[in-house]
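# Structural overview for review
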Amino acid sequence: MATPIKEWSKLEVRAVVRFLFSKGTKPSEIHKQIAETYGEGAKSRPRVYQWCTWFGEGRTSLGNEPKSGRPKTSTNEENTTRVDELIRCDRRMKIREIALKLEIPKSTVHEIVHDTLGYRKVSARWVPKMLTDDHKLQRHPKKSYKINLFTSPDPGLCIL
């Protein structure tokens, strides 16, 4: 028995299903061969049967079909810029207030603020999540001496 292939893609396995199905192989045999070649986690038996049915109905595409539903319209570059401008003008503004002002859903504003822009609320103000080295030194001026010792280019100066 051959060793299973460790790295594979869904499209690759679907292409194998399509090839074997076009040669007249039964879905149960296709699943058995895929499990031997790619391992048990490659494709479940119901999925192999489903793909065989689709290929039998004339499907030629190996990719996923476009999903139905409402597309994202609120999370776009324009709204991200507008939210960022509002936060920079007034860092105490709440998500609800931003949503009302821009007339977009609160969940979208929350996603833009936290995920896209990377802000978090600290002491009722929006601040970036990452502090630079300068910000850290401003918060702890006594530690700047120790930091300078460790970042000194001359190793002889770093004597503690």
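You'll find the structure just up there.
Now for a quick tour of the structure. What you are looking at is a predicted structure, and each value in this text was computed from that prediction instead of being measured.

### Focus: the packing of helix α4 (residues 77-89) against helix α5 (residues 95-102)
For the pair α4 and α5, interaxial distance at closest approach is 11 Å and the crossing angle is 125 degrees. Our classification of the angle between α4 and α5 gives oblique. Along this stretch, α4 crosses α5, giving a crossing that reads as right-handed. Residue-level inspection shows R82, V83, L86 and I87 of α4 in contact with α5, the latter providing I98, K101 and L102.

### Here we look at the pattern of salt bridges
Any two side chains of opposite charge can pair if their charged atoms end up close together. Counted according to the given criterion, the structure contains 3 salt bridges. Between R59 and E65 there is a salt bridge, with its nearest N and O atoms 3.5 Å apart. E65 sits in the partly exposed class, given a relative accessible area of 45%. A salt bridge links R82 to E78, with the shortest nitrogen-to-oxygen separation between them at 3.9 Å. Here E78 and R82 lie together in helix α4, a separation of 4 residues that amounts to about one turn. When its relative accessible area of 52% is taken as the criterion, E78 is described as exposed.

Calculation criteria
- Residues numbered from 1 in each chain as written.
- Predicted model: local features only at pLDDT ≥ 70, side-chain atom pairs only at ≥ 80, totals over all residues.
- Heavy atoms only, no water.
- Axes fitted to C-alpha atoms, helices over the stretch in contact; angles between N-to-C directions.
- Helix = DSSP H or I, 4+ residues; strand = E, 2+ residues; numbered from the N terminus.
- Parallel < 35°, antiparallel > 145°, perpendicular 65-115°, else oblique.
- Left-handed = near helix turned anticlockwise from the far one by under 90°.
- Contact = heavy atoms within 4.5 Å.
- Salt bridge = Lys/Arg side-chain N within 4 Å of Asp/Glu carboxyl O.
- Buried < 20%, exposed > 50% of the residue type's maximum accessible area, 1.4 Å probe, protein only.

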